[in-house]
Amino acid sequence: MTEPSLAVQIAIRSALIASPAVTGIVPSAHIFDRRTRPELFPCIIIGDANTALEPITLTRSHVRLFADLHIWTEESGLETVKTVAGNVGAALRSKPSIDGFHVVDWKMTGTRFLRDPGGEYGHAITSIEVLLNEAPQ
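Residues numbered from 1 in each chain as written. Predicted model: local features only at pLDDT ≥ 70, side-chain atom pairs only at ≥ 80, totals over all residues. Heavy atoms only, no water.

Draft legend 1. Quick peek at helix 1 (residues 4–17). Taking 1.5 Å as the rise per residue, helix 1 with 14 residues should run 20 Å; its terminal C-alpha atoms sit 20 Å apart, in good agreement. Every buried residue of helix 1 is accounted for by P4, A7, V8, A11, I12 and L16. The buried residues of helix 1 occupy an angular sector of 165 degrees when projected down its axis, which confines them to one face. (Helix = DSSP H or I, 4+ residues; strand = E, 2+ residues; numbered from the N terminus. Expected span 1.5 Å × (residues − 1). Buried < 20%, exposed > 50% of the residue type's maximum accessible area, 1.4 Å probe, protein only. Arc of directions from axis to C-beta.)

Draft legend 2. Fine view of unusual backbone geometry. Of the consecutive residues F41 and P42, the connecting peptide bond is found in the cis state with omega at -15 degrees. Mapping P42 onto the fold places it in the loop between strand 1 (31–32) and strand 2 (43–54).

Draft legend 3. Structural detail: the nonpolar core. Ranked by internal contacts, the top residues of the largest apolar core, which has 29 residues, are I12, L16, I44, L69, V88, I98 and W106. Broken down by secondary-structure element, the contributors of at least two residues to this core are helix 1, strand 2, strand 3 (62–73), helix 3 (79–91), strand 4 (101–115) and strand 5 (122–134). (Core = buried A, V, L, I, M, F, W, Y, C linked by side-chain atoms within 4.5 Å.)

Draft legend 4. Spatial organisation of the pairing of strand 2. Bridging between strand 1 and strand 2 involves two bridges; their strand directions are parallel. When the sheet's bridge partners are listed, I31 is paired in strand 2 with I44. By the bridge criterion, 10 bridges tie strand 2 to strand 3 in an arrangement that is antiparallel. Each residue of the ladder has a partner; that of C43, found in strand 3, is W72. (Pairing = 2+ DSSP bridges.)

Draft legend 5. How the structure looks around helix 3. The end-to-end C-alpha distance of helix 3, which contains 13 residues, comes to 19 Å, matching closely the 18 Å that a straight helix rising 1.5 Å per residue would cover. Taken together, the buried positions of helix 3 are V81, V84, A85, N87, V88, G89 and A91.

Draft legend 6. Region of interest: the environment of S19. Along the chain, S19 turns up in the loop between helix 1 and helix 2 (20–23). Put simply, S19 and V88 are 69 residues apart on the chain and 8.4 Å apart in space, counted from C-alpha to C-alpha.

Draft legend 7. Summary view of the pattern of salt bridges. The tally for this structure, following the rule as stated, stands at two salt bridges. A salt bridge links R64 to E54; the shortest N-O distance between them is 2.9 Å. Residue R64 is found in strand 3, and its partner E54 is found in strand 2; the two are separated by 10 residues along the sequence. Under the relative-accessibility criterion, R64 is labelled buried at 17%. Judged by relative accessible area, which is 21%, E54 ranks as partly exposed. The salt bridge partner of R64 is E129, with a shortest N-O separation of 2.8 Å. Of this pair, R64 sits in strand 3 while E129 sits in strand 5, and the two are 65 residues apart along the sequence. In terms of burial, R64 and E129 fall into one category: buried. One continuous salt-bridge network, built from bridges that share partners, spans E54, R64 and E129. (Salt bridge = Lys/Arg side-chain N within 4 Å of Asp/Glu carboxyl O.)

Draft legend 8. Spotlight on the sheet that holds strand 3. Ordered by their spatial adjacency, five strands build an open sheet running 1-2-3-5-4, and the pairing between neighbours is mixed. Each edge of the open sheet is held by one strand with a lone partner, namely strand 1 and strand 4. Of the strands in this sheet, strand 2, strand 3, strand 4 and strand 5 are in contact with helix 3, which crosses strand 3 at around 150 degrees. (Contact = heavy atoms within 4.5 Å. Axes fitted to C-alpha atoms, helices over the stretch in contact; angles between N-to-C directions.)

Draft legend 9. How the structure looks around the side chain of S61. Mapped onto the secondary structure, S61 falls in the loop between strand 2 and strand 3. The residues touching S61, leaving out its near neighbours within four places in the chain, are L132, N133 and E134.

Structure, rendered in structure tokens:
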């Protein structure tokens, strides 16, 4: 079985590259998992994730997952990064199908918009929370 955070990462990227509203601004090749600072603009970096066992039942088959997406634009303001964040929110509104898991809950919990001290970049961090139940084997 796939590790839950990897399964969610794949589902997130699939939803984003399937959205013309997202890829109309951010090319699909600029939506990735990377640890370094962005070098391609605009881009969406699928960031760190956190998983926790959710003791809903005695089977211990539920996992709650928290993931962050970092949206970067090369602009002095926040207009484009806010537009991309809105499009990301729309693209991730529906619960996806994830192999090996039943998606119990899928929601965006918020977006923070950060100003670049140098005034060169727009940056947003969108947070997602997911509750998964392992599919029976």
